[in-house]
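# Reading the structure
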Amino acid sequence: MSEGAGGARRWISSLVDYGWPLGLIIGYIITRDMVLASWGLVAGAAIALATGYILERRIAPMPLAAGVLALVFGLLTLVFKDPRFVYVKPTVTSLAFGLLLLGGMAIRRNPLKMLLGSSLPMPDEGWRKLTLRYGVFFLVMAGVNEVIWRTQPEAVWLGFRFPGSSLIHIAFGIAQAPLILRYARMEETPPPPVE
């Protein structure tokens, strides 16, 4: 793949990931009303998903799930004229991802390895540790979202939602680098010869 194509893919990936929260924030800045701002959420999610699909002919599972949930919760907010649907969307998304990861481990499956295994070679022990960390992380993020939307003004919650939550996710991902590197090296080291 050429460098230009790689840059275009990163741009498309960012659009799919951040199109809907940006739509919500822009809608809120314009209207100062969370229910009306939900039009931005719905439009941003629809445009991001459609653009990603048209340009890439596919959408990765995680952004697809997040985008569909943004559409559903945005529409629920508009239909019922209740902003709580927008507030709980990150809680539901984080809970779903956390329970999927931890539930997969409980039945001896590893959803994270299924998603990323081909691009990140690690032994099963490394995948178990990484999946456990991400599962717990998502559950904690669900709890943090609940505390913030229930105790803080809308503007504070929006700032937490974007860019705050995105920066927390990035920092957490970077913090996992030592674990990934340690286990990736183990996977690269061939076993000693049997004599």
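Scope of this entry: the structure provided in the associated data block. Given the structure is predicted, the values throughout are model-derived calculations rather than measurements. (Residues numbered from 1 in each chain as written. Predicted model: local features only at pLDDT ≥ 70, side-chain atom pairs only at ≥ 80, totals over all residues. Heavy atoms only, no water.)

## Considering the overall build of the protein chain
For the protein chain, the helix and strand inventory stands at eight helices and zero strands. The N-to-C order of helical and strand elements in the protein chain reads α-α-α-α-α-α-α-α. For the protein chain, buried positions account for 39% of its 195 residues. Within the protein chain, contacts between residues separated by at least 24 positions form 68% of all contacts whose residues are at least 6 apart in sequence. (Helix = DSSP H or I, 4+ residues; strand = E, 2+ residues; numbered from the N terminus. Buried < 20%, exposed > 50% of the residue type's maximum accessible area, 1.4 Å probe, protein only. Contact = heavy atoms within 4.5 Å.)

## A look at the packing of aromatic side chains
As enumerated under the stated definition, the model contains nine aromatic pairs in all. Where Tyr134 meets Phe137, the ring centres are 6.3 Å apart and the plane angle is 85°; that geometry is what we call edge-to-face. Linking Tyr134 with Phe137, this pair stays in helix H6 (residues 124-151), spanning three residues, or about one helical turn. One exposure class covers both Tyr134 and Phe137, and it is buried. Summarising the aromatic geometry, the rings of Tyr134 and Phe138 are spaced 6.2 Å apart at their centres and angled 40° between planes, so their arrangement reads as tilted. Note that Tyr134 and Phe138 are positioned in helix H6 at a spacing of four residues, about one turn of the helix. We note that Tyr134, like Phe138, is buried. One aromatic cluster is present, built from ring pairs that chain together Phe97, Tyr134, Phe137, Phe138 and Phe172. (Phe/Tyr/Trp six-rings, centres within 6.5 Å; stacked < 30°, edge-to-face > 60°.)

## Remarks on unusual backbone geometry
With omega at 15°, the peptide bond leading from Phe162 into Pro163 counts as cis. Considering the arrangement of structural elements, one finds Pro163 in helix H7 (residues 154-175).

## Regarding the side chain of Ser166
In this structure, Ser166 sits in helix H7. Relative accessible area serves as the criterion here: at 15%, Ser166 is assigned to the buried category. Apart from the residues lying within four places of it in its own chain, the contact partners of Ser166 are Tyr18 and Arg161.

## Quick look at helix H4 (residues 84-106)
Its 23 residues give H4 an end-to-end C-alpha distance of 32 Å, which sits within 8% of 33 Å, the value for a rise of 1.5 Å per residue. After H4 finishes, the residue Arg108 shows a positive phi value of roughly 65°. (Expected span 1.5 Å × (residues − 1).)

## As for the packing of H6 against H7
It is at 12 Å that the axes of H6 and H7 come closest, and there the two elements cross at 160°. When the axis of H6 is compared with that of H7, the two are roughly antiparallel. In this structure, H6 crosses over H7, and the sense of that crossing is right-handed. Across the interface between the two elements, Arg133, Tyr134, Phe137, Phe138, Met141, Val144, Asn145, Ile148 and Trp149 from H6 touch Trp157, Phe160, Ser165, Ile168, His169, Phe172 and Gly173 from H7. When its residues are assigned to classes, the contact of H6 with H7 shows eleven nonpolar, four polar and one charged. (Axes fitted to C-alpha atoms, helices over the stretch in contact; angles between N-to-C directions. Parallel < 35°, antiparallel > 145°, perpendicular 65-115°, else oblique. Left-handed = near helix turned anticlockwise from the far one by under 90°. Nonpolar A, V, L, I, M, F, W, Y, C, P; charged D, E, K, R; others polar.)

## Points about the packing of helix H3 (residues 61-80) against H4
Two elements in contact, H3 and H4, have axes whose closest approach is 9 Å; the angle formed by their N-to-C orientations is 150°. Classified by the angle between their axes, H3 and H4 sit roughly antiparallel to one another. Of the two elements, H3 crosses H4, and the hand of that crossing is right-handed. On the side of H3, the interface is formed by Met62, Ala65, Ala66, Leu69, Ala70, Phe73, Leu76, Thr77 and Phe80, while H4 contributes Phe85, Val86, Val88, Lys89, Val92, Thr93 and Phe97. Of the residues belonging to the contact of H3 with H4, the class tally is 13 nonpolar, two polar and one charged.

## Let's talk about the side chain of Asn145
In this fold, Asn145 is placed in helix H6. Here Thr91 takes part through its side chain, which lies 2.7 Å from a polar atom of the side chain of Asn145. Apart from residues lying up to four places away in sequence, Asn145 is in contact with Tyr87, Pro90, Thr91, Trp157 and Phe160. (Polar contact = N/O pair within 3.5 Å; in protein donor to acceptor, adjacent residues only side chain to side chain.)

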